[in-house]
Amino acid sequence: MAVTPSTARVDSPPLGARARRLVSIARQGAAVLWGAASGRRPVIGPLHAQIGVADPCNHRCVMCWDHPPVDRVDAGTALRFAGFREGLMPLDQFQSVVDDLYGLGTQRIDLVGRGEPTLNKHIAEMVEFAKSRSMYVTMTTNGSRLDPELAQRFVSAGLDRLKISLNAGTPETYPRVHQTEAPERYLAVKARLINLVQEKRRQGKSSPLLTLSFVISSINFHEVQQMVEVAHEIGADNVSMVHVVTREASDDLCLTPAQHRKLIQLLTKAQKRAVELGVETNIPTLAATLPTYFEKNEGRAEPRPCYVGWYFSLILANGAVLPCCQCTSPLGTVKEKSFAELWSSDRYQKFRTAARQLPRANPLVASCECDRCMLRARNESIDRILHPVRSLGRKSEAEFTLRDVFRMRKLDTQDFDIDAAADPEEPVVAGR
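Because the structure is predicted, anything quoted here is derived from the model rather than measured. (Residues numbered from 1 in each chain as written. Predicted model: local features only at pLDDT ≥ 70, side-chain atom pairs only at ≥ 80, totals over all residues. Heavy atoms only, no water.)

A. Quick look at the packing of aromatic side chains. In this structure the tally under the stated criterion is three aromatic pairs. Ring geometry for W343 and Y348: centres 5.1 Å apart, planes at 70 degrees, overall edge-to-face. Lying over the aromatic face of W343, R352 brings its terminal NZ or CZ to 4.6 Å of the ring centre. (Phe/Tyr/Trp six-rings, centres within 6.5 Å; stacked < 30°, edge-to-face > 60°. Lys NZ or Arg CZ within 6 Å of the ring centre and 35° of its normal.)

Rendered as structure tokens:
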């Protein structure tokens, strides 16, 4: 029997608390723009931070950069832990980092790093502590260890959002992506998620919001509609679909142009089904966005000015502090200095200056994959606010072409024209 998610926001914060949060976020946004414009040290902490409480992972997924199957390990895999051994973050260290972030005014913490967060035996206490500091807390997990006790504690603590890396619409496809797993493990994860939804009902709460994550590749692209069906069956709040971002050992995961055209057709049907079932998705935006591997120069482009040093930071479970999830050189460790000290340090400030001056070469950003930046749209938006003149005539990564807008608008209706969207005679190229 399908489980329908509750729509009552019985645990929503009072209006006064929400107003204070909005004011705080507005202040932080202004501080980020001021710092990015002036180049000076931040007067406030990052808007949000990722804390990787566990570096190891119990799954080996084909598209993973950090813990891929043995036959997909490449030269970049060993660099993902900033030159340190993988670790599990101690509870007291986590509390110290969260207290620093709270004191700096950070609003959001994402419990996601290089591994599976539920491998840390203190994960429930960590969520509870972060929520006690009035943080908006999210977590990304494969769901394999989400037992009833953990589900109960997450719901009780007020975990805001839980994102499950499922990546398959059927048990048969699941082990082709999560290669250490068997089809029955897929069914076990579904059962754990249904229990979580039921636990929310038992406690009269609507959080954590439950998102099913689906990384689209040549292995699973044919199951986009099945993912919508699974979300409805579980009672998930939404489905988030993204194109795979490949490395040198995973080029076979890219869709061919013919497969991409087929995907557009399948997304059309999946969106119609999602509307029927009342499942939220990001399908319209996804359908209007080409995979990065279809872009010219093998998905690489000239780096643009970057402002990540004012709005984001990543702390790995081994203590390394990285300015971006696509950098591998640490700016220090929270085992040696507090996060607050590192955030205001000369070394961090030198990184901000170097990133702000991109595409000018600088050793301080040499370890960062700025030529295929996942935060490119966000940086583009900030740059256009700060430097509108130099942005004139430059196509923004944050903007769609008219063709993209047309395609996205059509997917929002029931009479979407598959043939017009698929354009079977037209090759897939950058900027189209």
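B. Quick look at the side chain of H48. Of note, H48 is situated in strand β1 (residues 48-51). In this view, H48 contacts T106, R108, D110, Y311, F312, S313 and R378; residues no more than four positions away in its chain are not counted. (Helix = DSSP H or I, 4+ residues; strand = E, 2+ residues; numbered from the N terminus. Contact = heavy atoms within 4.5 Å.)

C. Representation of the environment of T141 within the structure. Mapped onto the secondary structure, T141 falls in strand β3 (residues 136-141). Residues T141 and K163 lie 22 residues apart in sequence; the distance between their C-alpha atoms is 6.4 Å. If we ignore the near neighbours within four places in the chain, the residues touching T141 are E116, P117, T118, L162, K163, I164 and S165.

D. A look at the sheet that holds strand β9 (residues 321-322). Judged by pairing direction, the sheet is mixed, and its nine strands sit side by side in the order β7-β6-β5-β4-β3-β2-β1-β8-β9 without closing on themselves. Since the sheet does not close on itself, it has two edges, and those belong to β7 (280-281) and β9, each with one partner. Summarising the sheet, β1 and strand β8 (residues 312-315) pair through four bridges and their orientation is parallel. The partner of H48 across the bridge, within β8, is F312. Of the strands in this sheet, β5 (209-216), β6 (238-243) and β7 are in contact with helix α7 (residues 224-234), which crosses β5 at around 165 degrees. (Pairing = 2+ DSSP bridges. Axes fitted to C-alpha atoms, helices over the stretch in contact; angles between N-to-C directions.)

E. A look at the packing of helix α4 (residues 148-157) against helix α6 (residues 183-202). Orientation of α4 relative to α6, taken along the N-to-C sense of each, is 40 degrees, at an axis distance of 9 Å. Here α4 is positioned oblique relative to α6, judged by the angle of their axes. Two packed elements cross with a definite hand, and for α4 against α6 that hand is right-handed. Contacts from P148, A151, Q152 and V155 of α4 reach α6 at N195, L196, E199 and K200. Looking at the contact of α4 with α6 residue by residue, the classes come out as four nonpolar, two polar and two charged. (Parallel < 35°, antiparallel > 145°, perpendicular 65-115°, else oblique. Left-handed = near helix turned anticlockwise from the far one by under 90°. Nonpolar A, V, L, I, M, F, W, Y, C, P; charged D, E, K, R; others polar.)

F. A look at unusual backbone geometry. Cis geometry marks the peptide bond from S207 to P208; its omega dihedral reads 5 degrees. Tracing the chain through its elements places P208 in the loop between α6 and β5. Residue P359 is reached from L358 by a cis peptide bond, and omega for that bond is 10 degrees. Within the fold, P359 resides in the loop between α12 (346-356) and α13 (376-386). The backbone phi angle of N167 is positive, close to 65 degrees, even though this residue is not glycine. Among the secondary structure elements, N167 is positioned in the loop between β4 (161-165) and α5 (174-177).

G. Just the confidence of the model for the chain, in detail. The pLDDT averaged across the chain works out to 81; a share of 79% of its residues lies at or above 70. Note on residues 1-13: pLDDT is under 50 here. Beyond four places in sequence and across chains, it has 24 contacts. Low pLDDT, under 50, characterises residues 396-432; the predicted model gives this stretch 67 contacts beyond four residues in sequence or across chains. (pLDDT = per-residue confidence, 0-100.)

H. How the structure looks around the nonpolar core. Counting residues in hydrophobic clusters, the biggest one holds 110 residues, and the most contacted among them are I51, F94, L111, L212 and M241. When residues of this core are assigned to their parent elements, the largest contribution, seven residues, is made by helix α8 (residues 257-277). Apart from the residues within four sequence positions on either side, F94 is in contact with I51, V53, M89, L111, M126, F129 and A130. (Core = buried A, V, L, I, M, F, W, Y, C linked by side-chain atoms within 4.5 Å. Buried < 20%, exposed > 50% of the residue type's maximum accessible area, 1.4 Å probe, protein only.)

I. Structural view of α13. Those residues of α13 that fall on the buried side of the exposure criterion are R376, N379, E380, I382 and D383. Here the buried residues of α13 occupy an arc of 165 degrees about the axis, which is enough to place them on one side. (Arc of directions from axis to C-beta.)

J. Quick peek at the state of the cysteines. A complete count under the given rule lists one disulfide for this structure. Two residues, C327 and C368, share a disulfide whose sulfurs are 2.0 Å apart. Looking along the S-S bond of the C327-C368 disulfide, the torsion reads about 110 degrees, which is the right-handed sense. Within this pair, whereas C327 is found in the loop between β9 and α11 (339-343), its partner C368 is found in the loop between α12 and α13, the two being separated by 41 residues in sequence. Judged by its relative accessible area of 12%, C368 falls in the buried class. Looking at the unpaired C64, the closest cysteine sulfur is the one in C61, lying at 6.3 Å. Of the cysteine sulfurs around C325, a residue in no disulfide, the closest is that of C324, at 4.4 Å. (Disulfide = S-S within 2.5 Å.)

K. Main features of helix α2 (residues 91-104). Spanning 14 residues, α2 covers 20 Å between terminal C-alpha atoms, matching the ideal 20 Å at 1.5 Å per step. For α2, the complete set of buried residues consists of L91, Q93, F94, V97, V98, D100, L101 and L104. On its buried face, α2 is in contact with β1, β2 (108-111), α3 (123-132), β8 and α11. Note on α2: the residue one or two positions beyond its end, G105, has a positive phi of about 95 degrees. (Expected span 1.5 Å × (residues − 1).)

L. Summary view of the packing of α7 against α8. α8 packs onto α7 with a crossing angle of 20 degrees between their chain directions and a minimal axis gap of 8 Å. Between α7 and α8, the angle is such that the two are roughly parallel. The way α7 lies across α8 gives a crossing that is right-handed. Across the interface between the two elements, V224, Q225, V228, E229 and H232 from α7 touch L263, L266, L267, K269, A270, R273, A274 and L277 from α8. Residue classes in the contact of α7 with α8 are distributed as eight nonpolar, two polar and three charged.

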